[in-house]
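Residues per chain, in single letters:
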Amino acid sequence: MTAADDENDGQATERVVIRDRRKIDAKSEAGKASAGKTSAGPGAHRAADPEEATPEVVEATPALGAELEALRSELDERTHDLQRVTAEYANYRKRVDRDRGAAAELTTGAVLTALLPVLDDIDRAREHGDLVGPFASVAESLTAVTGKLGLAAFGEKGDAFDPNRHEAVAHQTSADVTEPTCVEVMRRGYTLGERLLRPALVAVADPE
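Here we summarise the structure given alongside this text. Worth saying up front: this structure is predicted, and the values here are computed from it rather than measured.

With that out of the way, let us pick up the pattern of salt bridges. One pass over the structure, following the stated rule, counts nine salt bridges. Among the ionic pairs, Arg72 bridges to Glu69, the shortest N-O distance being 3.0 Å. Taken as a pair, Arg72 and Glu69 lie in helix α4 (residues 54-127) at a separation of three residues, close to a single helical turn. In this structure, Arg78 engages Glu77 in a salt bridge whose closest nitrogen and oxygen atoms are separated by 4.0 Å. Residue class for Glu77 comes out partly exposed when judged on its relative accessible area of 43%. Linked by salt bridges that have partners in common, Glu74, Glu77 and Arg78 make up one network.

Next up, the structure:
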């Protein structure tokens, strides 16, 4: 390669160099920056502005209130159900206790009714003066036990006649009474609590 060729190559290289001496327009750069912000999407602008998030909170509040109201209503309903079940169970327990007490009283009454003839024999022995010795101790023990179970005897000479508690087997008139009165007791009556186990057999004197 000759020196002339080298010189021509150097000149060609110098001609390729490009120098951009244009002035930068501040307004155009600001416009580009503004366009870049716009192209970033509406989401970025809303996230940067706190006032734009307010409508979303306002729209969610009614739904949350409705859900809270539904939960409160369901809680009230469940509370009422629990109260009703509790009251029903309490009434059931009272009814069971009452029925159990009635059954126990009936059983006790049946046993005591079976013992009434024995008590009648004890009364006759007492009237005739035969209630002495060991037999007297047994009689007293039996009377005490039946008394603890609630058995009570009634029917004494001079009691006012009560058709609900006395069974009249004889009637007579007397000037000594002002109302129907028991003048003789053939067999005493018994009660168990408020329940009449057996009426008393009596002779009644009516006023003249």
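This part is about the packing of aromatic side chains. What describes a pair of aromatic rings is the distance from one ring centre to the other and the angle between the planes of the rings. Throughout the structure, instances matching the rule amount to one aromatic pair. Directly above the aromatic system of Phe154 lies the positively charged group of Arg165, at a separation of 4.0 Å from the ring centroid.

This part is about the side chain of Thr146. Within the secondary structure layout, Thr146 lies in helix α5 (residues 133-148). Polar contacts involving the side chain of Thr146 include one to the main-chain carbonyl oxygen of Thr143, which spans 2.9 Å. What Thr146 contacts, discounting residues up to four positions off in sequence, is Leu112, Leu115 and Leu151.

Attention now goes to the pairing of strand β5 (residues 195-198). Where strand β4 (residues 189-192) and β5 come together, three bridges link them in antiparallel fashion. Looking at β5, one finds that Leu192 is bridged to Arg195. Two successive antiparallel strands, β4 and β5, enclose a turn made up of two residues, where Gly193 displays a positive phi of approximately 65°.

In this section: the environment of Leu197. Turning to its location among the elements, Leu197 is positioned in strand β5. According to the relative accessible area criterion, Leu197 is buried, its value standing at 16%. Each C-alpha atom of the pair Leu197 and Thr113 lies 6.9 Å from the other, and the pair is 84 residues apart in sequence. Each residue touching Leu197, except ones within four places of it in the same chain, is listed here: Gly109, Leu112, Thr113, Leu151, Tyr190, Thr191 and Leu192.

Cut-off values and rules
- Counting restarts for each chain: residues are numbered from 1 in the order of the written sequence.
- Under the rules for a predicted model, residues below a pLDDT of 70 receive no local features and side-chain atom pairs below 80 are neither given nor counted, while totals for whole chains, interfaces and linings still include all residues.
- Water and hydrogen atoms were dropped before computing side-chain values, which therefore reflect all heavy atoms in the structure.
- Within this document, salt bridges are pairs made up of a side-chain nitrogen of Lys or Arg and a carboxyl oxygen of Asp or Glu, the two lying within 4 Å of each other.
- The numbering of helices and of strands both runs from the N terminus, where a helix is a DSSP run of H or I of at least 4 residues and a strand a run of E of at least 2.
- Classification of residues uses two cut-offs on accessible area relative to the type maximum, computed with a 1.4 Å probe and protein chains only: under 20% is buried, over 50% is exposed, and between them is partly exposed.
- Between 30 and 60 degrees the pair is tilted, below 30 it is stacked and above 60 it is edge-to-face, where a pair is any two Phe, Tyr or Trp rings, Trp via its six-membered ring, whose centres lie within 6.5 Å.
- Whether a charge sits over a ring comes down to the Lys NZ or Arg CZ being within 6 Å of the ring centre and within 35 degrees of the ring normal.
- Throughout this description, a polar contact denotes any pair of N or O atoms lying within 3.5 Å of each other; where both atoms belong to protein, one of them has to be capable of donating a hydrogen while the other can accept it, and for residues adjacent in sequence the pair is counted only when both atoms sit in side chains.
- Any two residues whose heavy atoms approach within 4.5 Å are treated as being in contact.
- For two strands to be treated as a pair, DSSP must find at least two bridges joining them.

By themselves, these figures tell us nothing about what the structure is for.
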